Amino acid sequence: MKYIIFGLLTIFTVKLSAQQKQFSKNDNGKFIYYQVVDSQLIDKNILLQRARSFVDLAYKKSMKLESSTDSSVLAKGNMVIDKTILVAGHPSGEISYNFVFEVRQGKYRFWLTDMLFIPYQRDRYGNFVPATTIGVPLERTPGKLGAGAWKDILNSTYNKVEKFGDEFKKYLATNRMEKTKNKAETISTKKW
């Protein structure tokens, strides 16, 4: 009886671990997050304008526009990866990536690739700062000692990138107009 329970428990554990999401690889063997979206209702120029707006306004602190053409947007960015233990968490590092957006009439695609992990450490003031300026490619296979930590980094990176992709698709689908700040009229008590 206990062998049956043990067998069922191991099968259940193997199935759960096999269901984790993983990055796909591109032609060069680099990890890539790639999405193609049909958008028949939205014009090509509007999608391109919204993508530029997303890079310039929504993610202006973490993304920098590299180039923009009449059908594509290229940007570089980074995102902070958190390490959470129960309730308390702290940043364990950041991921730098290349963001590419291309649009055609009726559909668009975007992808994040060339992802590098830059670990964080505490400085003498207790702040988390990058330990080095040289990033480690996410495709790297770690040794036996660091395999568990690297797996956690990959899982949290995938979750962050997937959340980023959902935000980007939602931003392109909504009709957000850039709000211009109107100058408030100054009220003078000296003139009637």
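Please read all numbers here as calculations on a predicted model, not as lab measurements.

Enquirer: Go over the pattern of salt bridges with me, naming the residues and quoting the values.
Expert: Following the criterion strictly, the structure yields 1 salt bridge and no others. A salt bridge links Glu102 to Arg109, with the shortest nitrogen-to-oxygen separation between them at 2.5 Å.

Enquirer: Give me the packing of aromatic side chains: which residues, what numbers.
Expert: For the coordinates displayed, the defined rule picks out 18 aromatic pairs. Here the aromatic rings of Tyr59 and Phe164 are separated by 5.1 Å at their centres, their planes lie at 85°, and the arrangement is edge-to-face. Placement of Tyr59 in the loop between helix H2 (44-58) and strand S3 (63-68) and of Phe164 in helix H3 (residues 147-173) is noted, with a sequence separation of 105 residues between them. Judged by centre distance (5.5 Å) and plane angle (80°), the rings of Phe101 and Phe168 are edge-to-face. With a gap of 67 residues between them, Phe101 in strand S5 (residues 88-104) and Phe168 in helix H3 connect regions that are remote in the sequence. Considered together, Phe101 and Phe168 belong to a single accessibility category, that of buried residues.

Enquirer: So what about the packing of H2 against H3? Which residues, and what values?
Expert: Where H2 meets H3, the closest approach of the two axes is 9 Å, and the angle between their N-to-C directions is 130°. Considering the angle they form, H2 stands oblique to H3. Remark: the crossing between H2 and H3 carries right-handed chirality. Taken together, the residues of H3 that come into contact with H2 (itself represented by Leu47, Arg50, Ala51, Ser53, Phe54 and Ala58) are Phe164, Glu167, Phe168, Tyr171, Leu172 and Ala173.

Enquirer: Talk me through H2; I want residue IDs and the actual numbers.
Expert: For H2, with 15 residues, the first-to-last C-alpha span of 20 Å sits near the 21 Å given by 1.5 Å per residue. Those residues of H2 lying buried are Leu47, Leu48, Arg50, Ala51, Ser53, Phe54 and Val55.

Parameters at a glance
- Throughout this document, residue positions are counted from 1 along each chain, in the order its sequence is written.
- Two thresholds apply to this predicted model, a pLDDT of at least 70 for residue-level local features and 80 or more for giving and counting side-chain atom pairs, whereas whole-chain, interface and lining totals are computed over all residues.
- With hydrogens and water set aside, each side-chain value is computed from the structure's full complement of heavy atoms.
- Any carboxyl oxygen of Asp or Glu within 4 Å of a side-chain nitrogen of Lys or Arg constitutes a salt bridge here.
- Here a Phe, Tyr or Trp ring, Trp counted by its six-membered ring, pairs with any other such ring whose centre lies within 6.5 Å, and the pair is stacked when the planes are under 30 degrees apart, edge-to-face when over 60, and tilted otherwise.
- Starting at the N terminus, helices and strands are each numbered in turn, a helix being any DSSP run of H or I of at least four residues and a strand any DSSP run of E of at least two.
- Note on classification: 1.4 Å probe, protein chains only; a residue is buried when its accessible area is under 20% of the maximum for its type, exposed when over 50%, partly exposed between these limits.
- Only C-alpha atoms enter the line fits that serve as axes; for helices the fit covers just the stretch in contact. Angles between N-to-C directions range over 0 to 180 degrees.
- Our angle categories are set so that under 35 degrees counts as roughly parallel, over 145 as roughly antiparallel, 65 to 115 as roughly perpendicular, and the remainder as oblique.
- Left-handed describes a crossing whose near helix is turned anticlockwise from the far helix through less than a right angle; right-handed describes the clockwise counterpart.
- Two residues form a contact once any of their heavy atoms are found within 4.5 Å.
- Multiplying one less than the number of residues by 1.5 Å gives the expected span of a helix.

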